[in-house]
Amino acid sequence: MKPPILIIIMSTVISGTIMVLISSHWLMIWIGFEMNMLAIIPILMKKFNPRAMEASTKYFLTQATASMLLMLGIVINLLLTGQWTVLNMPSPTASSMMTMALAMKLGLSPFHFWVPEVTQGVPMSSGMILLTWQKIAPLSVLYQIAPSMNLNLLMAMATMSILVGGWGGLNQTQLRKILAYSSISHMGWMIAVTTYSPTLMMLNLTIYITMTLGTFMLFMLNSSTTTLSLSHMWNKLPLIASLVLMTMLSLGGLPPLSGFIPKWMIIHELTKNDMVTMAMFMAMTALLNLYFYMRLTYATALTMFPSTNIMKMKWQFENTKNTTMLPPLIMISTMLLPLTPMMLTLF
């Protein structure tokens, strides 16, 4: 794709999301979603092939259905209240309709089927945008309508998402699919705490985005798309292999790393609100995610690829990929735990 075209398309994606973030009018929010959806399609089809076209079509059909449901909810709300204000949501029907539409846009279970397929069918860079930037707009709307949402519906979707995100990633060897299931699981954690503490959901989103960006950039640096290609990393880029290990364990939510902060805070918030069973279930299901992250770290850092030559270090060309953002992303996604009190004050 030529740079001027890419700049125009990316600016449309960004402006669509910003329009959703700053609007308090339902029609403007809906237009922002549409701008974002139509501009992201060419980015998904950046490397044109049948697989990318299929993935883009699946994405378009799902998002178009979600937009239709969202507009239906907006119209029901308009008929009952006579206004387009976001914060005025007296109708449970409209609220449930909008929640389901936004869940479909986010890829929450039971509307999650498109997420692994689309992420696997598009290039790594497009998948990175899909699993990070595309989550901001729907979650910002959920943040605004949180007080009027149906708690039982949210908890059911959160439970299913965490379970599907854990079970679905167990049998995968494709890195993009693993990150897609990881995304479904993280979205479940965010949705579970939305009603009790929306600001905590935003903190979780921020940390999730930094961890996922760092992980994708590490994979793109090594051009890894499968577990097998990841296992070749140790004798080509040993330092990067150790960084992959740290980011994976952080995504799993192990205590010394940044990924532990949102899990710790969410479990604390749920137990404060007498949701002990839900918190215990989420903590146990997080072990499923941790298992497939551990499998990736094992493949990356703890296995030696069979080799007959004497020289174990693999010869390679000079790496020409730009990794300007990688060091700060790695720092943020692994070393934020001591700053937890400050972040809680900010959020």
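Nothing here was measured: the structure is a model prediction, and the numbers come from that model. (Residues numbered from 1 in each chain as written. Predicted model: local features only at pLDDT ≥ 70, side-chain atom pairs only at ≥ 80, totals over all residues. Heavy atoms only, no water.)

## Some points on the packing of aromatic side chains
Here the distance between the centres and the angle between the planes together describe a pair of aromatic rings. Taken as a whole, this structure holds 3 aromatic pairs when the rule is applied. Pairing Phe260 with Trp264 gives two aromatic rings, centres 5.7 Å apart and planes at 10 degrees, and the pair type is stacked. One end of the pair, Phe260, and the other, Trp264, are both in helix α13 (residues 260-272), 4 residues apart, so they sit about a helical turn from each other. Judged by relative accessible area, which is 23%, Phe260 ranks as partly exposed. For Trp264, a relative accessible area of 40% translates into the label partly exposed. (Phe/Tyr/Trp six-rings, centres within 6.5 Å; stacked < 30°, edge-to-face > 60°. Helix = DSSP H or I, 4+ residues; strand = E, 2+ residues; numbered from the N terminus. Buried < 20%, exposed > 50% of the residue type's maximum accessible area, 1.4 Å probe, protein only.)

## What to know about a nonpolar patch on the surface
Taken together, Ile14, Ile18, Leu21 and Ile22 make up a surface patch of nonpolar side chains, about 360 Å² in accessible area. Structurally, Leu21 can be placed in helix α1 (residues 3-22). (Patch = residues over 30% accessible without salt bridge, like charges linked within 9 Å, V, L, I, M, F, W, Y side chains within 5 Å. Areas by Shrake-Rupley, 256 points an atom, 1.4 Å probe, with all protein chains shown as cover. Salt bridge = Lys/Arg side-chain N within 4 Å of Asp/Glu carboxyl O.)

## Points about the UniProt feature "domain: NADH:quinone oxidoreductase/Mrp antiporter transmembrane" (unreviewed entry) in the protein
Here the UniProt feature "domain: NADH:quinone oxidoreductase/Mrp antiporter transmembrane" (unreviewed entry) sits at residues 23-287. With 75% helix and 0% strand, residues 23-287 has end C-alpha atoms that lie 39 Å from one another. (UniProt positions renumbered as here; feature names shortened; annotations may be inferred.)

## Focus on the environment of Met149
Structurally, Met149 is set in the loop between α7 (136-145) and α8 (151-168). Given a relative accessible area of 7%, Met149 falls into the buried group. A sequence separation of 46 residues divides Met149 from Thr195, and the C-alpha atoms of the two residues are 7.6 Å apart. Excluding its chain neighbours within four sequence positions, the residues that come into contact with Met149 are Ser95, Thr99, Leu142, Leu154 and Thr194. (Contact = heavy atoms within 4.5 Å.)

## With respect to the packing of helix α5 (residues 114-121) against helix α9 (residues 175-194)
It is the contact of α5 with α9, at a shortest axis distance of 8 Å, that shows an interaxial angle of 145 degrees. α9 is crossed by α5, and the crossing has right-handed handedness. Listed contacts from α9 to Val115, Pro116, Glu117, Thr119 and Gln120 of α5 are Arg176, Lys177, Ala180, Tyr181 and Ile184. Looking at side-chain class alone, the contact of α5 with α9 contains 5 nonpolar, 2 polar and 3 charged residues. (Axes fitted to C-alpha atoms, helices over the stretch in contact; angles between N-to-C directions. Left-handed = near helix turned anticlockwise from the far one by under 90°. Nonpolar A, V, L, I, M, F, W, Y, C, P; charged D, E, K, R; others polar.)

## Describing the nonpolar core
Trp26 and Leu139 are the most contacted members of the largest nonpolar core, which totals 100 residues. In contact with Leu139, other than residues within four places in its own chain, are Leu106, Met187, Met190, Ile191, Met201 and Leu205. (Core = buried A, V, L, I, M, F, W, Y, C linked by side-chain atoms within 4.5 Å.)

## Side note on α1
Counted at 1.5 Å a residue, the expected span for α1 with its 20 residues is 28 Å, and the 28 Å between its end C-alpha atoms agrees. Residues of α1 that are buried in the fold lie against α2 (26-44) and α7. (Expected span 1.5 Å × (residues − 1).)

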